[in-house]
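Next come the chains, spelled out residue by residue.
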Amino acid sequence: MSTLSLKQLRKQFGDVTAVHEINLEVGDGEFLCILGPSGCGKSTALRMIAGFEEPTSGDILIDGQSVVTMAANHRPTAMVFQKYTLWPHMKVYDNIAFGLKLRGLARTEIDRKVNEALELVGLPDYGKRMPNQLSGGEQQRIALARALVLEPKILLLDEPFSNLDALLRVRLREELRRIQRRVKITAIFVTHDQEEALSLADRIAVMSKGRVEQLDVPSRIYDQPATLFVADFIGVMNLIPAQQNGATIDLGALRLESPTRVNGTVTVAIRPEDIAIVGESDVDAWGGEVEQIIDLGHYRKLLVKVPSVGTLKVYAPKALDLRENQLIGLNPSRFTIFRDGAAPIEVKREAVAPLEMSVAV
Amino acid sequence: MTTLTLSMRDRLKRYAAREGFGLFALIFLIIFIVLPILTVLLWGFAIRWRFPAVIPTEWGFDFWQETLSRADLRRAFPNSIVLSISVTLLSMVICLPASYAFARMNFRGKQFFLLSFLFTNAFPRLGLYVAIAIIFFRLGLVGTFAGVVIVQLLNTLLLMIWIPTAAFQGVERSLEEAALDVGASRLRVFMQITLPLVFPAVFAAVLLTFVNTFYETYGALLIGAPNVLTIPVIMFPLINNQPIPQYGAILSLVLFAPSVVLLLFANRLLRGGYLTAGFGV
Ligand SMILES: Nc1ncnc2c1ncn2[C@@H]1O[C@H](COP(=O)(O)OP(=O)(O)O)[C@@H](O)[C@H]1O
Ligand SMILES: [Mg+2]
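Quantities reported herein were computed from a predicted structural model and do not represent experimental measurements.

### Re the packing of helix H4 (residues 110-122) of chain B against helix H6 (residues 145-169) of chain B
All names here are of chain B. Axis separation between H4 and H6 bottoms out at 9 Å; the angle between their running directions is 150°. The two elements H4 and H6 cross, and the hand of that crossing is left-handed. When H4 is examined against H6, the residues Leu-114, Phe-117, Leu-118 and Asn-121 are found in contact with a partner set consisting of Leu-157, Leu-158, Ile-161 and Trp-162. Taken together, the residues of the contact of H4 with H6 sort by class into seven nonpolar, one polar and no charged.

### Comments concerning the interface of chain A and chain B
Contacts between chain A and chain B engage 27 residues on the former and 23 residues on the latter. Between chain A and chain B, a total of about 2,400 Å² is buried, with carbon and sulfur atoms accounting for 66% of that surface. Linking chain A with chain B are one salt bridge. Here Arg47(A) ties to Glu177(B) by a salt bridge, and the two come within 2.7 Å at their closest N and O atoms. Those elements that place two or more of their residues in the side of chain A that touches chain B are helix H1 (42-50), strand E6 (77-80), helix H2 (92-102) and helix H4 (136-148) of chain A. Taken together, the residues of the side of chain A that touches chain B sort by class into 15 nonpolar, eight polar and four charged.

### Looking at the pairing of strand E8 (residues 186-191) of chain A
Residues and elements named next belong to chain A. Within E8, six of the six residues are buried, which leaves the element mostly enclosed by the surrounding structure. With burial as the criterion, each face of E8 is covered, one bearing Thr-186, Ile-188 and Val-190 and the other bearing Ala-187, Phe-189 and Thr-191. Relative to E8, strand E7 (residues 154-158) runs parallel, the two sharing five bridges. The partner of Leu-156 across the bridge, within E8, is Ile-188. One crossover worth recording links E7 to the parallel E8 by way of helix H5 (residues 166-183), and it is right-handed.

### Some words on the side chain of Thr77(A)
In this fold, Thr77(A) is placed in strand E6. If we skip the residues at most four places from it in the chain, Thr77(A) touches Ile49(A), Ala50(A), Ile62(A), Pro152(A), Ile154(A), Leu156(A) and Asp181(B).

### A look at the environment of Met130(A)
Tracing the sequence through the fold places Met130(A) in the loop between helix H3 (107-120) and H4. Taking the C-alpha atoms as reference points, Met130(A) and Phe98(A), 32 residues apart in sequence, are found 14 Å from one another.

### Some details on the domain arrangement of chain B
Residue and element names in this part refer to chain B. On domain assignment, one finds that chain B holds domain 1 (2-60) and domain 2 (67-280). Taking the mean C-alpha position of each, domain 1 and domain 2 sit 33 Å from one another. If you look at the interface, domain 1 gives seven residues, while domain 2 gives six residues. Between domain 1 and domain 2, the buried area comes to about 550 Å², and carbon and sulfur atoms account for 79% of it. Among the residues domain 1 hides against domain 2, the three largest losses belong to Val-40, Trp-43 and Gly-44. Together they make up 69% of the total. Taken together, domain 1 and domain 2 are joined by zero salt bridges. Summed over the shared surface of domain 1 and domain 2, the number is one residue pair in polar contact (both at pLDDT 80 or more). Only helix H1 (2-44) and strand E1 (46-48) provide two or more residues apiece to the side of domain 1 that touches domain 2. It is H1 that contributes the most residues to the side of domain 1 that touches domain 2, four residues altogether. A class-by-class count of the residues in the side of domain 1 that touches domain 2 yields six nonpolar, one polar and no charged.

### Thoughts on the nonpolar core
Ranked by size, the top nonpolar core spans 107 residues in total, and within it Leu4(A), Trp87(A), Ile96(A), Leu144(A), Leu155(A), Ile188(A) and Ile193(B) carry the most contacts. With eight residues, the top contributor of residues to this core is helix H8 (residues 186-215) of chain B. Those residues in contact with Ile193(B) that lie beyond four places of it in its chain are Trp87(A), His89(A), Met90(A), Phe98(A), Leu175(B), Ala179(B) and Arg188(B). Membership of the second largest hydrophobic core comes to 27 residues, among which are Ile249(A), Leu256(A), Ile277(A) and Val314(A).

### Let's talk about the confidence of the model for chain B
Residue and element names in this part refer to chain B. Mean pLDDT over chain B works out to 82, with 91% of the residues at or above the 70 mark. Below a pLDDT of 50 lies the segment residues 272-281, which in the model reaches 21 contacts outside its immediate sequence neighbourhood of four places, other chains included. Model confidence for the complex: the whole-complex pTM is 0.81, and ipTM, which rates the interface, is 0.85.

### As for the sheet that holds strand E5 (residues 65-66) of chain A
All names here are of chain A. Across the sheet, which stays open at both edges, the four strands sit in the order E2-E1-E4-E5 with antiparallel pairing between neighbours. Each edge of the sheet is formed by a strand with only one pairing partner; in this case those strands are strand E2 (16-26) and E5. Of the pairings in the sheet, the one linking strand E1 (residues 4-13) to strand E4 (residues 57-62) comprises five bridges and is antiparallel in character. Counterpart to Arg-10 in the pairing with E4 is Ser-57. Lying on the sheet, H1 is in contact with E1, E2 and E4; it crosses E1 at an angle near 115°.

Thresholds applied
Residues numbered from 1 in each chain as written. Chains lettered and ligands numbered in written order. Predicted model: local features only at pLDDT ≥ 70, side-chain atom pairs only at ≥ 80, totals over all residues. Heavy atoms only, no water. Axes fitted to C-alpha atoms, helices over the stretch in contact; angles between N-to-C directions. Helix = DSSP H or I, 4+ residues; strand = E, 2+ residues; numbered from the N terminus. Left-handed = near helix turned anticlockwise from the far one by under 90°. Contact = heavy atoms within 4.5 Å. Nonpolar A, V, L, I, M, F, W, Y, C, P; charged D, E, K, R; others polar. Buried area = accessible area lost by both parts, 1.4 Å probe. Salt bridge = Lys/Arg side-chain N within 4 Å of Asp/Glu carboxyl O. Buried < 20%, exposed > 50% of the residue type's maximum accessible area, 1.4 Å probe, protein only. Pairing = 2+ DSSP bridges. Right-handed = clockwise from strand over helix to strand, strands pointing away. Domains from an automatic or database assignment. Polar contact = N/O pair within 3.5 Å; in protein donor to acceptor, adjacent residues only side chain to side chain. Core = buried A, V, L, I, M, F, W, Y, C linked by side-chain atoms within 4.5 Å. pLDDT = per-residue confidence, 0-100.

What follows is the structure in structure tokens.
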């Protein structure tokens, strides 16, 4: 049960600034995900918290106390690594007991704690095995047990499941969340997988090029991206470059209204689910041609070519009878205007009736 | 008829392609390793073995008695052992931390340092030793135990730096960081995580160093003689001056024994299993 704060934390490797001044407050028992593409500085940030990298400047506070001068082996943090996590020459039991032995605990106490930890991660009888006798998923669970057994204040996880297959990843993710809630530990989870972050996190810090672009709850990260990067990185998004003149943006057949008046280049971002499919001849719609239909099981993704707008990604219910090269109308109900140096502006348009199933041939 | 020959040749070709390398390796092994060792073995127990005879014509242990009872060899044996152990231990103390530094740190001139060990080894041995002997003479190290230790130590550097450096580089950093993370000191991480993981490679390097040092001749001859005499130094004139191959053969067999024991021991240790296993996820 602890809090963590990063203050103006920065890390430079030679000419490369891996982490620019980042500020972050993580609450007691919170599960925070740091999400970003490979090379954006996630691991570096995490490794500074763990004490493996020395910050170039800035401060790290745990429960209000600065830990930057504290060596990694004295910090109240515990890390789960992406791979090569367990010591291959030690039994599972000894892997977990290693830190406890260093603390000079009595044998019976160590025994009890190791068994509790094994129980917690659902591998109660694995103590006698060697790491190379475990599957990848089991190894990561043991690594989690090894981290938790020391009752650290902050649990750090650096893409712990990214080497596992998709199904197992989802299972372990859910289990991790259950365990984290049970032991009520403050956790920082680094990942490049947005689905993982969206499903796990209390809050997500989206990073790009060493900076935190947005820090918010998952739903707002998705619904109200703060920057063009976040809009593009999270979920599926249509990004349309456009020209704003005063309060209007003329985009193909449609005139979009903006609540603010400016002149200049903007990017209009529209989620596929915010585009309704209407009749081809609808006046309040872009007319377009279905280029490709991608069946995604319970729904379909369409790529629709709209003259002077571009190719838009749109979702269609399976019931709608569509074929390639068919002409349809597209009506955006919600979009966000991004302009360099300005806050994004979310605009809702009046609802329109979606295409009747009977309309389509 | 033609088809048959062709297919025969075809099959032969395929066989050669499949088994070619193995066959080549086997022949190589026999000519360059098994035959010499076999010859030495035969000479050790031969009393008479003249040219056209394929194997000795007269057998016996006469030369064993003669060789092993030589006073100079009896004196040289403890010398050789103490020297080899000292050099090997000293080499470990110097080279293992240095290899770790080479593997883990990035400092200017690292590549140059690593290559410099190769250069000194590529330099003709005898010339190097003569130069060293001149310096040692001024320092009063010629004919001393310390002098021999230093010159033999130089000999071990390449092996004891290169092999452990490669081994240390093979230890994933995350394994060390994980130990640091649960509270181990740097020293403890090295002793309990890193060292056990590089043990097979380092053990092999140490073993080779010991054996190499035991047989090292030129350095011991130029720096040590006549005060510090080792077995190979005694063997040298024995083999050179008297055309009695039995001396050399018997000494080789005697010296071969401890190497074989050590190597078997190493093999058992390495086959112990987990040391070399379990690095994957
Ligand atoms: N030890 C290092 N030395 C030099 N550059 C590094 C080092 N570690 C990371 N970097 C650089 O810092 C940037 C961020 O790396 P990292 O934090 O590992 O990214 P991520 O975990 O998000 O993929 C990258 O450009 C990487 O090349
Ligand atoms: Mg990373």
